[in-house]
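Observations on chain architecture
One letter stands for each residue in the lines below.
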Amino acid sequence: MPHLAHISLLVRSYDEAIAFYTRLGFTVVEDTFIPSQSKRWVTIRPPHTPSLFTSASQLSGGRVFLFLATDDFDRNYKRFSEAGVEWIREPKVEKYGKVVV
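Everything in this summary refers to the structure shown in the same document. Bear in mind the structure is a predicted one, so any value in this text is a computation, not a measurement.

1. Focus: the nonpolar core
Counting 13 residues, the largest nonpolar core has Tyr21, Leu24, Phe26, Ile44 and Phe80 as the members making the most contacts within it. Of all the elements in the fold, those that place two or more residues in this core are helix H1 (14-23) and strand S3 (39-45). Looking at this core element by element, the count peaks at 3 residues for H1.

This is the structure we're talking about:
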C-alpha cells in the first residue's frame, strides 16, 4: 500500500532546525554531507513514531503544510510551547479534533 515516507521541511539553517526539533523530542536519524551536491541530507523522527521528516532550505509560503497527530494534545502543546514554538492561533476544538496553528 502506498504511504507517505518523507516530507521536506524548508529551514533557514540545518543546525538551527536540528536544535529546535530535538528540543521538541525529535531524534536525528541521519546528518550526512553530500560532497557531489554540496549539501547535507538530514532526517529527523518525531518521538514514538517510525515517520521521518526531511529538512531542506527555507520557505513554506506562510501556509500550513505539516500536521502531527498526538495521543495527548495538551501535554504536547505545553511541551512545544516551552521549547519555543510560536503559535499563530490559540488551540481550538474542531469536529475532527483539537488543533493549533
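2. Describing the pairing of S3
As paired strands, strand S2 (residues 27-34) and S3 are joined by 7 bridges and run antiparallel to one another. Paired with Val28 across the bridge in S3 is Ile44. Remark: 4 residues form the turn of the hairpin made by S2 and S3, two consecutive strands paired antiparallel; Ser38 in that turn has positive phi of roughly 50 degrees.

Reading the values: the criteria
Residues numbered from 1 in each chain as written. Predicted model: local features only at pLDDT ≥ 70, side-chain atom pairs only at ≥ 80, totals over all residues. Heavy atoms only, no water. Core = buried A, V, L, I, M, F, W, Y, C linked by side-chain atoms within 4.5 Å. Buried < 20%, exposed > 50% of the residue type's maximum accessible area, 1.4 Å probe, protein only. Helix = DSSP H or I, 4+ residues; strand = E, 2+ residues; numbered from the N terminus. Pairing = 2+ DSSP bridges.

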